[in-house]
Amino acid sequence: MAQRFGGKFSPNGTSNAPPPTPNSFQGKRRSKAGFKSNLLFILPFPFAWKAFQGDPTTLIYGLMAFAMMLGGAWMTREGLFAQEAYEARRVARRPALPRKAIGAMLVGGGLGVGLLMAGQSSVIATIIATLGAFLHIGAFGFDPMSDKGVEGIDSFQTDRVAKAIDTAEAHLKAMNDVILRARDRALERRVDAFSTTARALFRTVESDPRDLTAARKYLGVYLQGARDATEKFTDLYAQNRDPKIRADYEALLTDLETNFASRTTALLSDNHSDLNVEIQVLRERLAFENR
């Protein structure tokens, strides 16, 4: 008897393949700390090389220029990371320290000291230092200068949310750092995917600080437990690469993702219900006043 063939490439065929995993780059942005900021760490080294080619005065000026420009590069990079965190949040305070501005002054000052080392006049060194600082600002921009998303919201509530989110972000960063010791790219992607799910909850809490009470355990206790479990798993897995331990850890990540996603959905549903209630109350007031 003839047998009908079927498969995922046949008409009306089905596939036994697992459903595709969500795109791990969904919602991601390219880091601002790219080639330009990395180049700043290379530029100071000619000054360090030149410093050891002359007299003690040249050595002092060269090392000063090297230290200032290297410090400026580090401050700039930290400022870019702070700006990324600021832009990723719906409710955020401006950075307390203008890192990029400080980086611009250090880089410009380092250029000026380097020119003094090369025998240039103080006028030329000052002009080049100022120009270098302005070019730095043109390349990397200014630090965020104002708070975002806090209009009409109690500052006490936003401060509580900001502290809770900072603590939660620290736990996520620790998880991502620790899992690198396992030297398993698949696990790194799983932890990164969980981080994305957790940050969706963070954004929901930032949108409505009243949700903090319902989500506090998730931002604190559960994430701290996930971090501790990641540390213990990494230590054990590095010893014997036991597949059972790996499977248990992946199951934990799956449970965490499910619970965090469920909590996010529940908070969004509650917010939608609150909006419906407010709309209904407003309609009733309008109808009463129009009688």
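Provided above is the structure to which this section pertains.
Residues numbered from 1 in each chain as written. Predicted model: local features only at pLDDT ≥ 70, side-chain atom pairs only at ≥ 80, totals over all residues. Heavy atoms only, no water.

A. Structural context of helix H8 (residues 212-240). For H8, which comprises 29 residues, the first-to-last C-alpha distance of 41 Å matches the rise-based estimate of 42 Å (1.5 Å per residue) to within 8%. Along H8, the largest kink reaches about 30° and is centred on Tyr222. All buried positions along H8 are accounted for by Leu212, Ala215, Tyr218, Leu219, Leu223, Ala226, Thr230, Phe233, Thr234 and Tyr237. Just downstream of H8, Arg241 is the residue with a positive phi angle, here 50°. (Helix = DSSP H or I, 4+ residues; strand = E, 2+ residues; numbered from the N terminus. Expected span 1.5 Å × (residues − 1). Bend = angle between axes of the 7 residues up to and from the residue. Buried < 20%, exposed > 50% of the residue type's maximum accessible area, 1.4 Å probe, protein only.)

B. Local environment of the pattern of salt bridges. One pass over the full model with this rule turns up nine salt bridges. Of the charged contacts, one joins Glu188 and Arg185 as a salt bridge, the two residues approaching to 3.6 Å between their closest N and O atoms. Placement of the pair is Glu188 and Arg185 together in helix H7 (residues 185-207), with a separation of three residues, close to one helical turn. Through salt bridges with shared partners, one network takes in Asp184, Arg246 and Glu250. (Salt bridge = Lys/Arg side-chain N within 4 Å of Asp/Glu carboxyl O.)

C. Representation of the nonpolar core. The biggest cluster of nonpolar side chains holds 28 residues, and the ones touching the most others in it are Met175, Phe194, Leu201, Phe202, Leu219, Tyr249 and Phe260. Of all the elements in the fold, those that place two or more residues in this core are helix H6 (155-178), H7, H8 and helix H9 (243-289). Once residues lying within four places of it in the same chain are set aside, the contact partners of Phe260 are Phe194, Thr197, Ala198, Leu201, Tyr218, Tyr222 and Leu223. (Core = buried A, V, L, I, M, F, W, Y, C linked by side-chain atoms within 4.5 Å. Contact = heavy atoms within 4.5 Å.)

D. Representation of the side chain of Thr234. Along the chain, the position of Thr234 falls in helix H8. Among the residues examined, Thr234 registers a relative accessible area of 1% and is labelled buried. If we skip the residues at most four places from it in the chain, Thr234 touches Val178, Ile179, Arg181 and Ala182.

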